[in-house]
Amino acid sequence: MLQKCIIILVLGVFNLATAQQKKVIAYVPNWVDLNALAGTIQYSKLTHINIAFENPDANGYLSFNSGNNAIINTAHAQNVKVFVSLGGGAISEGGAIRDNYFNLITPGNRTAFIQKLYDYVVAHNFDGIDVDLEGPAINGDYGGFVIALANKLHANGKLISSALSEGYGGANVPASTFAAYDWINIMAYDATGPWQPGNPGQHSPYSMAVNQFNYWTGRGLPASKAIIGLPFYGYGFGASANQGISYANIVAQYPGAENLDQVGNTIYYNGIPTIKAKTTFAIQNAGGVMIWELSQDATGSKSLLTAINQVITGSNPPGTGTLIQAESYNTMSGVQTEATTDTGGGLNVGYADTGDWMAYYNINFPTSGNYVIEYRVASAVNGARISSDLNART
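Residues numbered from 1 in each chain as written. Predicted model: local features only at pLDDT ≥ 70, side-chain atom pairs only at ≥ 80, totals over all residues. Heavy atoms only, no water.

Draft legend 1. Layout of the overall build of the protein chain. When you go through the protein chain residue by residue, the secondary structure sums to ten helices and 20 strands. Expressed as a percentage of its 394 residues, the buried residues of the protein chain come to 47%. Restricting to contacts in the protein chain with at least 6 residues of sequence separation, those with at least 24 account for 73%. For the protein chain, the accessible surface area stands at approximately 17600 Å², while carbon and sulfur atoms represent 50% of it. (Helix = DSSP H or I, 4+ residues; strand = E, 2+ residues; numbered from the N terminus. Buried < 20%, exposed > 50% of the residue type's maximum accessible area, 1.4 Å probe, protein only. Contact = heavy atoms within 4.5 Å. Areas by Shrake-Rupley, 256 points an atom, 1.4 Å probe, with all protein chains shown as cover.)

This is how it looks when you write it as structure tokens:
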């Protein structure tokens, strides 16, 4: 059954920051076949790739997977920047490699280690370094190391980022590093997992993305440097799975799973609607999104990277439902239209003052089940709202 609905858009004043300027950063694991993966990546939907991970020996010389070259060369041919990511969650927990870091980043050894890192970046044609020292690997020397490394890289046209989480060492990160980092990839996931069998549930809810953004920006990180992390995997807590499981495997096993966040016997993940909602939040408030990790994505219409791109480009009219052009309002107040460059796009609603509005009548909505209302704007909006009212004109 369908009911008639009225949609009213109450508009604020438009800003001029466009979604197309936002970053889409994908981690690529170098323990997979990189030569094969390089040919499958949708480079046009990315701005940056972080190859994870390479790490130092006791003398400060980094490892290098020869398969990295396939990613670096193909990405650069399509104007995608490539970083080498240092550390990783497992390394940060402890062991010989973490001990190497603790020795190499001390004030006495730092300068020589940073020179080796810079030489490595140049030799392998990387665009920057991503510092993925997490949790217990964030020690008292971390801040000084990051600032010195950033100075060296920036002086030579290279970039530096990090991967950080509020709940896993975030409090130990000095705020002085915020100016050094070009951006921070916020790991807004892993709130729970198989390591907490008594706490099953969503490991990366929408609220976590918002809360982590608020935490880092509340400490002084500029919003434009805050990159919202998106998980391309889930966790299982029951008979269906009691471990991590890739998004690709989830949608392959469970029809329709791409539009859900939970399937089977307690498998939790982010489907397309949640990924789109987080991407929308990132576009409106942050500097972009980060993906952990790209090899876990599905293909075709189920791809989460494609879903991200659809939000950023506004290229996803509903497959089943109603597409309403902005200028096709039934009534309005104060709205001005102008020509558009979009093929078949009609007109743009080019300018609106605070308090201006548009209303669209007789939209059919289902009376049960789930549905999504999506809208596209060319720039961020302050003080705007959308409302839908059943039988509003009857």
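Moving on from the coordinates now.
Draft legend 2. Looking closely at the nonpolar core. Ranked by size, the top nonpolar core spans 86 residues in total, and within it Leu46 and Ile49 carry the most contacts. Look past the residues within four positions of isoleucine 49 in its chain and what remains in contact with it is Ala26, Val28, Ile41, Tyr43, Ile71, Ala75, Val80, Lys81, Val82 and Phe83. Core analysis: the second largest hydrophobic core is formed by 16 residues, Tyr27, Ala163, Tyr189 and Tyr233 among them. (Core = buried A, V, L, I, M, F, W, Y, C linked by side-chain atoms within 4.5 Å.)

Draft legend 3. Geometry of unusual backbone geometry. In this model, alanine 52 is joined to phenylalanine 53 through a cis peptide bond whose omega is 0°. As for its placement among the helices and strands, phenylalanine 53 is situated in strand E4 (residues 48-54). Backbone torsion omega between tryptophan 292 and glutamate 293 reads -20°, so that peptide bond is classified as cis. Locating glutamate 293 in the fold gives a position in the loop between strand E14 (288-292) and helix H10 (304-313). The backbone phi angle of threonine 266 is positive, close to 55°, even though this residue is not glycine. Here threonine 266 lies in the loop between strand E12 (262-263) and strand E13 (267-268).

Draft legend 4. Structural context of the sheet that holds strand E10 (residues 233-236). Within the open sheet, the four strands sit side by side as E11-E10-E13-E12. Their pairing is antiparallel. Of all strands in the sheet, those with a lone pairing partner are strand E11 (244-246) and E12, marking the two edges. The pairing of E12 with E13 spans two bridges and is classified as antiparallel. Note on E13: the bridge partner recorded for glutamine 262 is tyrosine 268. (Pairing = 2+ DSSP bridges.)

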